[in-house]
Amino acid sequence: MSQPRTLGQIAERYGLDLHGDPELSIDGVGTLRGAGASQISFLANPAYRAQLAHCRAAAVVLREADRAAAPGAALVSANPYAAFARIAAEFVPRQAHPPGIHPSAAVDPEATIDPSAHIGAHCSIGARTQIAPGAVLGPGCIIGPDCVIGVDALLVARVTLVTRVRLGARVIVHPGAVLGADGFGIAMDQGRWLKVPQLGGVVIGDDCEIGANTTIDRGALDDTVLEDDVRLDNQIQIGHNVRIGAHTALAGCVAVAGSVQIGRYCLIGGGAGIAGHLSIADHVSIHAMSLVSHSIRTSGTYASGTALEDAASWRRNMARLRRLDQFVRRSGAARKATE
Amino acid sequence: MSQPRTLGQIAERYGLDLHGDPELSIDGVGTLRGAGASQISFLANPAYRAQLAHCRAAAVVLREADRAAAPGAALVSANPYAAFARIAAEFVPRQAHPPGIHPSAAVDPEATIDPSAHIGAHCSIGARTQIAPGAVLGPGCIIGPDCVIGVDALLVARVTLVTRVRLGARVIVHPGAVLGADGFGIAMDQGRWLKVPQLGGVVIGDDCEIGANTTIDRGALDDTVLEDDVRLDNQIQIGHNVRIGAHTALAGCVAVAGSVQIGRYCLIGGGAGIAGHLSIADHVSIHAMSLVSHSIRTSGTYASGTALEDAASWRRNMARLRRLDQFVRRSGAARKATE
Amino acid sequence: MSQPRTLGQIAERYGLDLHGDPELSIDGVGTLRGAGASQISFLANPAYRAQLAHCRAAAVVLREADRAAAPGAALVSANPYAAFARIAAEFVPRQAHPPGIHPSAAVDPEATIDPSAHIGAHCSIGARTQIAPGAVLGPGCIIGPDCVIGVDALLVARVTLVTRVRLGARVIVHPGAVLGADGFGIAMDQGRWLKVPQLGGVVIGDDCEIGANTTIDRGALDDTVLEDDVRLDNQIQIGHNVRIGAHTALAGCVAVAGSVQIGRYCLIGGGAGIAGHLSIADHVSIHAMSLVSHSIRTSGTYASGTALEDAASWRRNMARLRRLDQFVRRSGAARKATE
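Rules used throughout
- Residues numbered from 1 in each chain as written.
- Chains lettered and ligands numbered in written order.
- Predicted model: local features only at pLDDT ≥ 70, side-chain atom pairs only at ≥ 80, totals over all residues.
- Helix = DSSP H or I, 4+ residues; strand = E, 2+ residues; numbered from the N terminus.
- Rg over C-alpha atoms; globule rule 2.2 N^0.38 Å.
- Buried ≥ 20, exposed ≤ 12 C-beta atoms within 10 Å, placed from the backbone.
- Contact = placed C-beta atoms within 7 Å.
- Nonpolar A, V, L, I, M, F, W, Y, C, P; charged D, E, K, R; others polar.
- Pairing = 2+ DSSP bridges.
- Domains from an automatic or database assignment.
- Least-squares fit on C-alpha atoms with pLDDT ≥ 70 in both.
- Arc of directions from axis to C-beta.
- pLDDT = per-residue confidence, 0-100.

**Q** I'd like a description of the overall build of chain A, backed by residues and values.
**A** Each helix and strand counted, chain A has 4 helices and 40 strands in total. For 339 residues, the compact-globule estimate of 2.2 N^0.38 gives 20 Å, and the C-alpha radius of gyration of chain A, at 26 Å, exceeds that figure by more than 25%. Taken along its principal axes, the extent of the C-alpha atoms in chain A is 80 × 65 × 35 Å. Across the 339 residues that make up chain A, the buried fraction comes to 55%.

Quick look at the structure:
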């Protein structure tokens, strides 16, 4: 559990500029609205600036520009969200994951499990799978044959790695995620679908995080790859043979079709879709619910879709849109006629 | 199992106006097309009115306005769908859920389980979790530490509550749902992502229903909250610190980003998305697959997206749409030139 | 494991026209880029034709028109993707699924399991459920009461069939899929939602494949039905009482609302949505992320949504779109005024 510490100790440890009493005792973190007199809060999103005036926190982590508005002590940082993340980590209750294998787990005799790893209740571990030191598998994880789980990886609970999945060090996978299921490979042949064998694997780099109920298919022939520090939210679908560059983040419910290449440091908004076989450059941002239907060669921000309207206006505008081509043609003809 | 009863008994129990033989024996329910001579059917959606003429049911629950078209007996109600729901509930086969803990379940010694609760095969219950009287956990449920499961709650099977999740009375959760996983909190810091600790919980009010493979993240600092009687279909994603007002219903595959506030009695269509930090008033309806990109202050119906067309017309109109701004500017210039 | 064989044997077995040395020994398959000197590759998608020149594979399966560009041996086929699928299947490592029931499985005494079926660790099988010869249930599958699993069906791992689900012969279901959960039936009644009992089942025809974390709800009264050879990718949602015709394929993240009828040989693009109670004819293709908001009576290709643009252009065009109706009205008035 968290141990009380002082504001001065926290400022020093994280290199923050303290304006306030260094002896103030701190025992937790909270929101601008909810933090109490011994908690630290933060202001990063300008939308919440108005809440600062009524904040009762011991101190607020914020930018220099917001310091004057702080009602109490201030911890100044150029990146208040990151500074707050570090401070908050001090107060996370540590869950005990004692080394060893729960008696209800079913472990293949050909699996190799480091004695420092934790294997929870009702886990199932397949042949030739290797589990590295410090790895934690919460209850109900199913790890098929020929997988590798890296050092200090955390599979929270009920994660499935089907086969040939390799997780790097410190990877976190949330419940319900399925990695290494067959990609969607089907060929039409004389009026029936023929299943195309999926023989590749999945390779997840170090420090990646995979959200709840996200699915990442194994490659058809080569592997599906996430480079280091890729962050996937919940319910994302990654097709076979996709490659995602380091430090790219995908928000919830994004769907990436097969053989897509996404660059480094991209930000893909929630519910966006990327059609198959496309390439996306580094440092590309995609708006929520956009469909990427062609490759993107230049970094920048891209969008598709239309703006929200009240349904009556929307219906009128959409009726016009369905005749837009015709309207533009007639306008050109009319203009010529009046010229 | 269902016990035969008469049409008259059913009409009386549910306060329906019977036009037909009260002695008719009833042993089940069915569709307008499929119901047999001892079953009750219903007509609520006008799209199915044409099927009424050929219906062979013992009786049809319908509005007074449709009564004349009923070929047999009629049970008249101002709300036929609700009346039918009540009648159908009489004929649901009851599944036996005997009290007690299946020997294969792994229960933490610090958990508190009421003796009347049912804990199915391969369940896992964490420390300090409390399970109230009458609660049913089907097979394969994983309940982490510090959770509360309310009176008569039903977790059908394979539900995961990660940590600090509180379910109200009579809550129903369908298989594959994950409640209380970490929200998607990441801060960019010197070229790498830093995980922002997620310390809050999830609070689900009484009488809520959560669909299969739906995910509800725990709050970052405060809790994620569903008020009473909220209904979520399958594969919905609810981000951290969302609050959903009582009696609101979300259809399948809706994605709600973090810190969104949705009012009471809202209806969110399937596949719709709601961007982060927005507020939506009470009594708002959103069309399927719309993106809510700004707060909605007034009750009403809203939409985005375009209408379905054959692909050739769609391509022509979209080519025009991409030059719409340019076209409007030129039109203005042309008009001025001719004025 | 795969046994080496010769190019000539492969050409003969699959009826391919070989241009090259029939004695060449083959031990696997690979991509145009990755295949080594004893592997077979293929060219089906013209986008990858440029890779042919540098391919080091023993032979490439391709169309006659591409044969001249092959640097080595060629196996000519009118349908190279299907031919390759058949060849690749020769080299799939067979996973052992010995007949019998894992000691950790929980099997209801009223269930009937063929002795040749494989029931993996931590499975749970409900009352009156029947499992046919050759069926394989990987670890963690939960099969509720009154289900039927067909001959040689493969439930990879952690599949849930809630109740009254019937799978045909050779059906494949990937991890996390949930079949037979309650459909989303709710009726508003005096300010509260009333649950409408869901009494139907799910019927899956022969040779269907169901992707990871896909959900298929049971019918309200009648069944939800997939005819033979329907192929569903990951994270698809199928509402209650949907019927999907034979040989239709749905890409990832499609959402089909309740009571929709989809024809045979349809192709539904990723992330598309289909509104409730609609009918779609045979041989219809839908673009990715389109919303089908009316029934489709004629085979063909359909789309909705707008094209991806850089965000600045997109914003300008969308601002114009929101005033399109007004603009068109004014244009008409202006034209009349100048006539």
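Alright, that's what it looks like, and here's the rest.
**Q** Pulling in residues and values, what's your account of the interface of chain B and chain C?
**A** Residue-level contacts link 60 residues of chain B with 60 residues of chain C. Of all the secondary-structure elements, those providing two or more residues to the side of chain B that touches chain C are helix H2 (80-89), strand S40 (309-310), helix H3 (311-321) and helix H4 (324-338) of chain B. Ranked by the residues each element gives to the side of chain B that touches chain C, the list is headed by H4 of chain B, at 6 residues. Its residues placed into classes, the side of chain B that touches chain C shows 27 nonpolar, 23 polar and 10 charged. Sheet topology note: the S40 of chain B/strand S39 (residues 300-303) of chain C ladder contains 2 bridges and is antiparallel.

**Q** Can you lay out the domain arrangement of chain A for me, pointing to particular residues and giving the numbers?
**A** Annotation of chain A at the domain level lists domain 1 (5-89) and domain 2 (159-302). When each unit is reduced to the centre of its C-alpha atoms, the spacing between domain 1 of chain A and domain 2 of chain A is 37 Å.

**Q** Run through the sheet that holds strand S10 (residues 112-113) of chain C, naming residues and quoting values.
**A** Residue and element names in this part refer to chain C. The strand order across the open sheet formed by 9 strands is S10-S13-S16-S19-S24-S27-S30-S33-S36, and the pairing between neighbours is parallel. Lying at the two open borders of the sheet, with one neighbouring strand each, are S10 and strand S36 (279-280). Judged from the 2 bridges that link them, strand S30 (residues 243-244) and strand S33 (residues 261-262) form a sheet pairing that is parallel. Bridge pairing in S33 places Arg243 opposite Gln261.

**Q** Could you give an account of the relation of the copies chain B and chain C, with specific residues and numbers?
**A** In this arrangement, two copies of a chain are superimposed by a rotation about an axis accompanied by a shift along the axis. By a simple turn and slide, chain B fits onto chain C: the slide is 0.0 Å along the axis, the RMSD is 0.0 Å, and the turn is 120°. Between the two chains, the operation in question is that of a three-fold axis. Looking at the rotation axis and the C-alpha trace of chain B, the residue lying nearest is Gly305 of chain B, at 3.3 Å.

**Q** Would you mind going over the sheet that holds strand S34 (residues 267-268) of chain B in detail, with residue names and values included?
**A** Read from one edge to the other, the open sheet built from 12 strands follows the order S40(A)-S39(B)-S37(B)-S34(B)-S31(B)-S28(B)-S25(B)-S20(B)-S17(B)-S14(B)-S11(B)-S8(B), with strand pairing classed as mixed. Each having just a single partner strand, strand S40 (309-310) of chain A together with strand S8 (100-101) of chain B make up the two edges of the open sheet.

**Q** Describe the pairing of strand S23 (residues 192-195) of chain A, naming the residues involved and giving the relevant values.
**A** Residues and elements named next belong to chain A. Here strand S22 (residues 186-189) pairs with S23 via 4 bridges, running antiparallel. Among the inter-strand pairings, Ala187 is bridged to a residue of S23, identified as Leu194. In this structure, the hairpin formed by S22 and S23 is closed by a connection of 2 residues, where Gln190 is found at a positive phi of approximately 50°.

**Q** Any chance you could break down helix H2 (residues 80-89) of chain A for me, citing the residues and the numbers?
**A** Note that an α-helix has 3.6 residues per turn; residues three or four places apart therefore point the same way. With 8 of 10 residues buried, H2 of chain A lies mostly within the body of the structure. Residues Pro80, Ala82, Ala83, Phe84, Ala85, Arg86, Ile87 and Ala88 of chain A constitute the buried set of H2 of chain A. Buried residues along H2 of chain A sit in contact with helix H1 (7-13), strand S4 (28-29), strand S5 (39-42) and strand S6 (59-62) of chain A together with strand S22 (186-189) and strand S23 (192-195) of chain B.

**Q** Explain the interface of chain C and chain A to me, using residue names and the numbers behind them.
**A** Contacts between the two partners involve 60 residues from chain C, matched on the other side by 60 residues from chain A. In terms of residue class, the side of chain C that touches chain A is built from 27 nonpolar, 23 polar and 10 charged.

**Q** I'd like a description of helix H3 (residues 311-321) of chain C, backed by residues and values.
**A** Along H3 of chain C, the residues classified as buried are Trp314, Asn317, Met318 and Leu321 of chain C. Buried residues of H3 of chain C, seen end-on, are gathered within an arc of 100° and therefore sit on one face of the element.

**Q** Give a description of the environment of Val178 of chain A that names residues and reports values.
**A** Residues and elements named next belong to chain A. Its place among the elements puts Val178 in strand S21 (residues 178-181). Its 30 C-beta neighbours within 10 Å are what place Val178 among the buried residues. Sequence-wise, Val178 and Ala82 are 96 residues apart; in three dimensions their C-alpha atoms are separated by 30 Å.

**Q** Pulling in residues and values, what's your account of the environment of Thr31 of chain B?
**A** Along the chain, Thr31 of chain B falls in the loop between strand S4 (28-29) and strand S5 (39-42). Among the residues examined, Thr31 of chain B registers 20 C-beta atoms within 10 Å and is labelled buried. Aside from chain neighbours lying at most four places away, what touches Thr31 of chain B is Ser41 of chain B together with Leu221 and Asp222 of chain C.

**Q** Can you break down the pairing of S5 of chain A residue by residue, with the values?
**A** Sheet analysis places S4 of chain A next to S5 of chain A, joined by 2 bridges and oriented parallel. Counterpart to Val29 of chain A in the pairing with S5 of chain A is Ile40 of chain A.

**Q** Talk me through the environment of Gly150 of chain A; I want residue IDs and the actual numbers.
**A** All names here are of chain A. Here Gly150 shows up in the loop between strand S16 (148-149) and strand S17 (154-155). Given 22 C-beta atoms within 10 Å, Gly150 falls into the buried group. When the C-alpha atoms of Gly150 and Gly168 are compared, they prove to be 4.7 Å apart, with 18 residues separating the residues in sequence.

**Q** Kindly report on unusual backbone geometry, identifying the contributing residues and their values.
**A** Phi is positive for Ser259 of chain A, close to 65°, though the residue is something other than glycine. Secondary-structure assignment places Ser259 of chain A in the loop between strand S32 (255-256) and strand S33 (261-262). The class for Ser259 of chain A is buried, based on 23 C-beta atoms found within 10 Å. A positive phi angle is found at Asn241 of chain C, which is not glycine, with a value near 65°. Secondary-structure assignment places Asn241 of chain C in the loop between strand S29 (237-238) and S30. The class of Asn241 of chain C is buried, set by 25 C-beta atoms lying within 10 Å.

**Q** Tell me about the confidence of the model for chain A, and please be specific about residues and values.
**A** Detailed conclusions should not be drawn from predicted coordinates in areas where pLDDT is low. In the predicted model, chain A carries a mean pLDDT of 95, and the fraction of residues at 70 or more is 98%. Reported for the predicted complex are a pTM of 0.96 and an ipTM of 0.96.

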